[in-house]
Amino acid sequence: MAQDEVKRRGMVKDLIGELKREGATITHAPLDGYQRPYKIGQYTPAVIATRAGKGLVGIVKLGGQDLESGPSRQEIKYLATRISQKTKSAVPVYIAVPKENHNDLLRVLKELGLAGKGHIQTRAY
């Protein structure tokens, strides 16, 4: 397994652990024991979960081009602006990056006009 894939899997596990501690039920993840995540539009989040009957998604980015590239920015913007058909409110999004890239993530969110949105949570592992 490539080093980036090992790092991504570890971050997905960290995100899943944190979401579970916050009361979420993980329904889809790219790990054994879970159904594979499905596409939302043209993007497949790393984690799909529910909490209190409401859906949420988790995105994992490794920093650098995986965070900064145009396609990654489009994915973040798309998934962070989804409105739940059930609740008619924004779908909560958790975006995880390596600790050394957290400030880059905050800058990207600001550049995308997504900084300070209550339904977007950032995590650094």
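Whatever comes next refers back to the structure up there.
These numbers were taken from a predicted model, which means no experiment stands behind them.

K.L.:
Can you explain the sheet that holds strand β5 (residues 120-124)? Please cite residues and give values.
P.N.:
With mixed pairing, five strands are arranged side by side in an open sheet as β1-β2-β3-β4-β5. The strands lining the two open edges of the sheet, one partner per strand, are β1 (25-28) and β5. With strand direction ignored, the average angle separating the axes of adjacent strands in the sheet is 25°. Pairing of strand β2 (residues 47-51) with strand β3 (residues 54-60) involves five bridges; the strand directions are antiparallel. Bridge pairing in β3 links Ala49 to Leu56. Seen against the sheet, helix α4 (residues 102-111) touches β4 (93-97) and β5 and runs at an angle of roughly 160° to β5.

Here is what the cut-offs are and how they apply
Residues numbered from 1 in each chain as written. Predicted model: local features only at pLDDT ≥ 70, side-chain atom pairs only at ≥ 80, totals over all residues. Heavy atoms only, no water. Pairing = 2+ DSSP bridges. Helix = DSSP H or I, 4+ residues; strand = E, 2+ residues; numbered from the N terminus. Axes fitted to C-alpha atoms, helices over the stretch in contact; angles between N-to-C directions. Contact = heavy atoms within 4.5 Å.

That is the geometry; function is a separate question.
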